[in-house]
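Here is how the chains run, residue by residue.
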Amino acid sequence: MKYAVVFTQVDKSTAYQVSVPDLPGCQITEKTIDLGMDEVTKAIQSHLAILAEYGEKVPNAQGLEHHRKIYILENPHTFAQAFWAIVSIDIIPYLGKSHKINVTLPELLIAQIDNKVSKSSEYKTRSGFIASACVAELEK
């Protein structure tokens, strides 16, 4: 899932506050943009792990444009100083315990899935690919 993150300057200091609008309460403060990107990824993963621990649903990521429009309305005097990034997170580990199921798929479809998995670092296994496709379809 691709989560939008917003960087804002903290009270005229050199630090940045990095917030994840899709995950209320998920924010960090870092001295540099590079550290902010590294640490916000860890913060998102920790946030999702806590949600999973309590049996909560992983929030769907809204589009970056959606969040920018809301931010502009809520922060009309400072929106120009904020900047945005996207953090891609594999949410499969946070969807709960895995269960083995029997699924029947056409041979050519399986070959296409295996080809995609072998050429992409985004998917580690056939099951991961299928799970990601299911999550994407359920978000519609």
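Since the model is a prediction, treat every value here as computed from it, not as a measurement. (Residues numbered from 1 in each chain as written. Predicted model: local features only at pLDDT ≥ 70, side-chain atom pairs only at ≥ 80, totals over all residues. Heavy atoms only, no water.)

S.K.: Please clarify how the packing of aromatic side chains should be interpreted in this entry.
M.R.: Describing an aromatic ring pair means giving the distance of the ring centres and the angle of the ring planes. Per the counting criterion, the structure on display carries 5 aromatic pairs. With 4.9 Å between their ring centres and 75° between their planes, Tyr123 and Phe129 make a pair best called edge-to-face. Taken together, the ring pairs connect Phe7, Tyr16 and Phe83 into an aromatic cluster. (Phe/Tyr/Trp six-rings, centres within 6.5 Å; stacked < 30°, edge-to-face > 60°.)

S.K.: Please explain the pattern of salt bridges as it appears in this structure.
M.R.: Opposite charge on two side chains lets them pair, provided their charged atoms get close. Tallied over the full model, the rule gives 3 salt bridges. When the shortest N-O distance is used, the salt bridge between Arg68 and Glu65 registers 3.6 Å. In this pair, Arg68 and Glu65 both sit in helix α2 (residues 64–74), 3 residues apart, roughly one turn of the helix. According to the relative accessible area criterion, Arg68 is partly exposed, its value standing at 33%. Between Asp114 and Arg126 there is a salt bridge whose closest N-O contact spans 2.7 Å. With Asp114 in helix α3 (residues 107–119) and Arg126 in helix α4 (residues 126–139), this pair connects stretches of sequence that are 12 residues apart. You can call Asp114 partly exposed: its relative accessible area is 30%. The class of Arg126 is partly exposed, set by a relative accessible area of 39%. (Salt bridge = Lys/Arg side-chain N within 4 Å of Asp/Glu carboxyl O. Helix = DSSP H or I, 4+ residues; strand = E, 2+ residues; numbered from the N terminus. Buried < 20%, exposed > 50% of the residue type's maximum accessible area, 1.4 Å probe, protein only.)

S.K.: What am I meant to see in the layout of surface pockets here?
M.R.: A water-sized probe rolled over the atoms picks out the places where empty space is left. There is about 870 Å³ of room inside the largest pocket. Along the walls of the largest pocket sit 29 residues, with Ile92, Ser127, Ile130, Ala131 and Cys134 positioned nearest its centre. The element best represented in the lining of the largest pocket is α4, accounting for 9 residues. Its residues assigned to classes, the lining of the largest pocket shows 15 nonpolar, 8 polar and 6 charged. Counted as a void, the second largest pocket has a volume near 380 Å³. (1 Å grid on protein atoms, 1.4 Å probe; cavity = no way out; pocket = protein on both sides within 12 Å on 5 of 7 lines; lining within 4 Å. Points joined across faces, edges and corners; volume = space filled by probe spheres on them. Nonpolar A, V, L, I, M, F, W, Y, C, P; charged D, E, K, R; others polar.)

S.K.: Mind showing me how you'd approach the nonpolar core here?
M.R.: Nonpolar side chains in soluble globular proteins generally cluster together in the buried interior. Membership of the largest hydrophobic core comes to 22 residues, with the highest contact counts inside it found for Tyr3, Val5, Ile44 and Leu48. Examining the composition of this core, we find that 5 residues originate from one element, helix α1 (residues 33–53), more than from any other. Counting residues in hydrophobic clusters, the runner-up holds 5 residues, among them Ala4, Tyr71, Ala82 and Trp84. (Core = buried A, V, L, I, M, F, W, Y, C linked by side-chain atoms within 4.5 Å.)

S.K.: I would appreciate a short explanation of the sheet that holds strand β2 (residues 16–19) in the present structure.
M.R.: One key point about sheets: their strands pair by backbone hydrogen bonds, in either a parallel or an antiparallel sense. Pairing within the open sheet is antiparallel, and its 4 strands lie in the order β3-β2-β1-β4. Since the sheet does not close on itself, it has two edges, and those belong to β3 (27–30) and β4 (83–88), each with one partner. Pairwise comparison of adjacent strand axes, ignoring direction, gives a mean angle of 25° for this sheet. Inspection of the sheet shows strand β1 (residues 2–9) paired to β2 by 4 bridges, in the antiparallel sense. Looking at the pairing, Gln9 lines up with Tyr16 of β2. α2 rests against β1 and β4 of the sheet, and its axis sits at about 145° to β4. (Pairing = 2+ DSSP bridges. Axes fitted to C-alpha atoms, helices over the stretch in contact; angles between N-to-C directions. Contact = heavy atoms within 4.5 Å.)

S.K.: Can you walk me through the side chain of Ser19 in this structure?
M.R.: On the secondary structure map, Ser19 appears in strand β2. There is a polar contact of 3.2 Å between the side chain of Ser19 and the side chain of Gln27. The contacts of Ser19, once residues within four sequence positions are left out, are Ala4, Val5, Val6, Cys26 and Gln27. (Polar contact = N/O pair within 3.5 Å; in protein donor to acceptor, adjacent residues only side chain to side chain.)

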